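Fold and contact review
Below are the chains, spelled out letter by letter.
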Amino acid sequence: MLKNHWTILRKQYALSVLKVVFDMCGIVGYIGNKEAMPVLVSGLKNLEYRGYDSAGFAIINKRIIIEKDIGKIDDVQKKINASLLKGFSGLAHCRWATHGNVTKENAHPHADCSNKIAIVHNGIIENYSELKEKLIQKKHVFRSETDTEVIAHLIEEFHKKLGFEDAVKNALKEVKGSYALGVACAEEPGKLIAARNESPLIVGKGKNGMFLASDIPALLEYTNKFIYMHDKEIAVITKDTINIFDLEGKKKSFKISTLNWSKEAAEKGGFKHFMLKEIYEQPRAITETIDERLKNGDVVFEKELNLTDDEILKIDSIKLIGCGTSWHAALVGKFMFEELAKIPTEVEYASEFRYRNPILKPNTIVMAISQSGETADTIAALKEAKKNGAKTISICNVKGSSITRVSDGVVYTRAGPEIGVASTKAFTTQLTVLYLLTILFSKKRKTLNDKQIKDMIYGIRKIPLQIASVLNEDFEVVNCAELYHKRTNSLYLGRGVNFPIALEGALKLKEVSYIHAEGYPAAEMKHGPIALIDEHMPVVFIAPHDIYTYSKILGNIEEVKARGGIVIAIATEGDKEIPKKADHTIFIPKTLYTLSSILAVVPLQLLAYHIADKLGRTIDQPKNLAKVVTVE
Ligand code: AGP
């Protein structure tokens, strides 16, 4: 019994290490009438946010040529022999690992013993060591330490007796774990195979060929027609055809979705970084998120929410789940749902929720918030909630993503593609959706009167222009970045609806500048963090004027000043008190208290950005981070 317990623990540990080291990658595949390499390179560059430790290419042209190396895609291109990579069909991969094992051998694509099968993979093969042992007994020779390579050899093994497609299907039946795969076979160069289980994968239909990729931005230059693959599906693509099967070989029907994201939307459009572009896109993103949902002085969610009036009246609690920035949005949502719609609301990290036994009453709504819709923990938590009979709703930015497929209702944030690893416009559009839902719930449940609802609608309509004015007046933000970019620590303090904004401001700074930052409810400062304050410590106060805690925050500012700390305050235009006390005041326009969080986060995003820029950081691809966390 004890031995068994330890075996399980060891296995879990091994898997957790494996998950950290071998995943979070981008894959691209092309087959068509054009040279494959330019398509693969440009597609992969648009996926570099998913992984940038190493990259590689396979071209299928009678035989398979693989060239790969460590480094970012530009560096890899300089190291490999590109003249060998000529052909009309190919696969490409960019890899992400937090530490160790960044070697040329471990870079993808991987091949079988005879170099007839090439494979690119995002995900984790959980039973890879058992499979590897069996394959070694059958005399297969492995060249890398990756879990991925076992799939190439497993397909090779089945291919001894079966055709390419059947070999892939049979191999995948033996594989446990998550995968988004691109597979090629030298003996059938007119075909690529894509396969998915619990890792994002799309197939693109273009005029000059077909594509596969981990994410939409990879393909926007070539097509806006996509098929979102489902778990345990295999797509067989040729230059003119797409066929989808289950692992038993049964043909499946599929839907081609046309997306109206422009190629330009996924490019930098003159900005130095995607993060900056996306910060500046917020007025437009919020306009698009509220557009069509505000009609004749009312909030309308048509069918997307999938809740009847009766169900809204009966909601007895809401559980909001998410990770990282999306979790911060959930905290703002809790404040609004409880304060205005009077619905008891709890916020949980998706990663915790999935491993607990949360109490879900019959009228509990579980709402998942996710930019990508592919965060593994959030998907798993949502599935868990569904299994326990809860009604599920997702707030998501990516159409057709996994989270949206397991939810009963989906409300899309219309932020457009978010490429910068640090989430910005996705966050403010998430807050916008939560605010609109608050209006809807408050109206239906009659917790606010008509005048209050009217004021809330008026307030959100003004937000895009107000954000534009914050963006225009960034002088003091840039000044603070100049003065304090060499500090090594900072505190972010806020209260009420702006406590999550303190957390978000600190997270942004950590992510892109690598400066240590902590967010706290301002009143908690005296219970510990105050010990850290001295003349080296910048303290950012989110202190818009409100009837609740404004005077208390003024007191907290005094406490920091009395200990020599540097105060940067976000205050409401016209505030005369704060500028007297703070070293720097950054003003945001007057708005309703619940909306102040949407405005207050913008200067904090800019502050993090400008500090990181002054430090010369790789802002769109911060070290150790990945845009889409598809592993636990
Ligand atoms: C945000 O800046 C982060 N990169 C990260 O915390 C992110 O919000 C988190 O991984 C959740 O992602 P999701 O919204 O796509 O689910």
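Because the structure is a prediction, the values reported are computed rather than measured.

1. Examining the overall build of the chain
- Across its full length, the chain carries 20 helices and 27 strands.
- With respect to the principal axes defined by its C-alpha atoms, the chain has extents near 80 × 60 × 55 Å.
- Buried positions account for 61% of the 632 residues belonging to the chain.
- A total of about 25200 Å² of accessible surface is found on the chain, and carbon and sulfur atoms cover 52% of it.
- If you average the places of the 86 positive and of the 77 negative side-chain charges in the chain, the two averages end up 3 Å apart.

2. Points about the environment of Arg63
- Tracing the sequence through the fold places Arg63 in strand 3 (residues 63-70).
- A sequence separation of 53 residues divides Arg63 from Lys116, and the C-alpha atoms of the two residues are 7.0 Å apart.

3. Examining the sheet that holds strand 11 (residues 225-228)
- Read across the open sheet, the 8 strands follow the order 3-2-4-1-10-9-11-15; overall the sheet is antiparallel. In this open sheet, the two strands that pair with only one neighbour each are strand 3 and strand 15 (257-258).
- Of the pairings in the sheet, the one linking strand 2 (residues 54-61) to strand 3 comprises 8 bridges and is antiparallel in character. Directly across from Ala58, in strand 3, lies its bridge partner Ile66.
- This element, helix 2 (residues 36-45), spans strand 1 (26-32), strand 2, strand 4 (89-95) and strand 10 (209-213) of the sheet and lies at about 155 degrees to strand 2.

4. Considering empty space enclosed by the protein
- By the definition in use, this model includes 3 cavities of 30 Å³ or more.
- By volume, the largest cavity is sized at about 220 Å³.
- In terms of lining, the largest cavity is formed by 27 residues, of which the most central are Asp215, Ile216, Ser372, Glu374 and Val398.
- Here the lining of the largest cavity is built from residues that sort into 13 nonpolar, 6 polar and 8 charged.
- Per-domain counts for the lining of the largest cavity show at least three residues from each of domain 1 (26-265) and domain 2 (268-470).
- Taken as a whole, the second largest cavity holds about 100 Å³ of empty space.

5. A look at the packing of aromatic side chains
- Scanning the model with the defined rule gives 7 aromatic pairs in all.
- Judged by centre distance (5.1 Å) and plane angle (40 degrees), the ring pair of Tyr30 and Phe211 falls under tilted. With Tyr30 in strand 1 and Phe211 in strand 10, the pair connects residues that are 181 residues apart, well separated along the chain. Across the pair, Phe211 and Tyr30 agree in class, each one buried.
- Taken together, a centroid distance of 5.8 Å and an interplanar angle of 75 degrees make the contact between Phe335 and Tyr593 edge-to-face. Within this pair, whereas Phe335 is found in helix 10 (residues 324-339), its partner Tyr593 is found in the loop between strand 27 (584-588) and helix 20 (596-614), the two being separated by 258 residues in sequence.
- The exposure class of Tyr593 is buried, given its relative accessible area of 14%.
- Grouping aromatic residues by their ring pairs yields a cluster made of Tyr30, Phe211 and Tyr222.
- One residue, Lys169, lies across the ring of Phe245, its end atom 4.4 Å from the ring centre.
- Looking at Lys623, its charged tip hangs above the ring of Tyr514, at a distance of 4.3 Å from the centre.

6. Side note on the pairing of strand 8 (residues 192-197)
- Among the 6 residues of strand 8, 6 are classified as buried, and the element is accordingly described as predominantly covered.
- Taking every second residue as pointing to the same face, both faces of strand 8 are buried, with Leu192, Ala194 and Arg196 on one and Ile193, Ala195 and Asn197 on the other.
- Relative to strand 8, strand 7 (residues 177-185) runs antiparallel, the two being bridged by 5 bridges. Across the sheet, Leu181 pairs through a bridge with Ala195, a residue of strand 8.
- Two successive antiparallel strands, strand 7 and strand 8, enclose a turn made up of 6 residues.
- The sheet contact formed by strand 8 and strand 12 (residues 233-237) spans 5 bridges and is antiparallel.

7. What to know about the sheet that holds strand 14 (residues 251-252)
- If you walk across this open sheet you meet the 7 strands as 5-6-7-8-12-13-14, and the pairing is antiparallel. Among the strands making up the open sheet, the edge pair consists of strand 5 (110-111) and strand 14.
- The sheet contact formed by strand 12 and strand 13 (residues 242-246) spans 5 bridges and is antiparallel. What sits directly across from Ile237, in strand 13, is Ile242.
- Its contacts with the sheet put helix 5 (residues 149-159) on strand 5, strand 6 (117-125) and strand 7, and the angle it makes with strand 6 is roughly 130 degrees.

8. Some words on the domain arrangement of the chain
- Under the domain assignment used here, the chain contains domain 1 (26-265), domain 2 (268-470) and domain 3 (473-632).
- Taking only C-alpha atoms, the centre of domain 2 and the centre of domain 3 are 24 Å apart.
- If you look at the interface, domain 2 gives 49 residues, while domain 3 gives 43 residues.
- For the pair domain 2 and domain 3, the two sides together bury roughly 3800 Å², of which 67% comes from carbon and sulfur.
- Applying the counting criterion to the domain 2 and domain 3 interface returns 1 salt bridge.
- Of the charged contacts in the structure, one is a salt bridge between Lys272 and Asp613, with a shortest N-O distance of 2.9 Å.
- The interface formed by domain 2 and domain 3 holds 14 residue pairs in polar contact (both at pLDDT 80 or more) in total.
- Looking at the side of domain 2 that touches domain 3, the elements that each hand over two or more residues are helix 7 (274-280), helix 8 (282-290), helix 10, helix 12 (376-387), helix 14 (425-444) and helix 15 (450-472).
- The residue inventory of the side of domain 2 that touches domain 3, partitioned by class, reads 25 nonpolar, 16 polar and 8 charged.

9. Considerations on the side chain of Lys319
- Its place among the elements puts Lys319 in strand 18 (residues 317-322).
- Its relative accessible area of 6% is what places Lys319 among the buried residues.

10. Some words on helix 6 (residues 164-174)
- Among all positions of helix 6, only Phe164, Ala167, Val168, Lys169, Ala171 and Leu172 are buried.
- Tucked inside the fold, the buried residues of helix 6 contact helix 5, strand 7, strand 8, strand 12 and strand 13.

Conventions we followed
Residues numbered from 1 in each chain as written. Predicted model: local features only at pLDDT ≥ 70, side-chain atom pairs only at ≥ 80, totals over all residues. Heavy atoms only, no water. Helix = DSSP H or I, 4+ residues; strand = E, 2+ residues; numbered from the N terminus. Buried < 20%, exposed > 50% of the residue type's maximum accessible area, 1.4 Å probe, protein only. Areas by Shrake-Rupley, 256 points an atom, 1.4 Å probe, with all protein chains shown as cover. Lys, Arg positive; Asp, Glu negative; His and termini not counted. Charge placed at Lys NZ, Arg CZ, Asp CG, Glu CD. Pairing = 2+ DSSP bridges. Contact = heavy atoms within 4.5 Å. Axes fitted to C-alpha atoms, helices over the stretch in contact; angles between N-to-C directions. 1 Å grid on protein atoms, 1.4 Å probe; cavity = no way out; pocket = protein on both sides within 12 Å on 5 of 7 lines; lining within 4 Å. Points joined across faces, edges and corners; volume = space filled by probe spheres on them. Nonpolar A, V, L, I, M, F, W, Y, C, P; charged D, E, K, R; others polar. Domains from an automatic or database assignment. Phe/Tyr/Trp six-rings, centres within 6.5 Å; stacked < 30°, edge-to-face > 60°. Lys NZ or Arg CZ within 6 Å of the ring centre and 35° of its normal. Buried area = accessible area lost by both parts, 1.4 Å probe. Salt bridge = Lys/Arg side-chain N within 4 Å of Asp/Glu carboxyl O. Polar contact = N/O pair within 3.5 Å; in protein donor to acceptor, adjacent residues only side chain to side chain.

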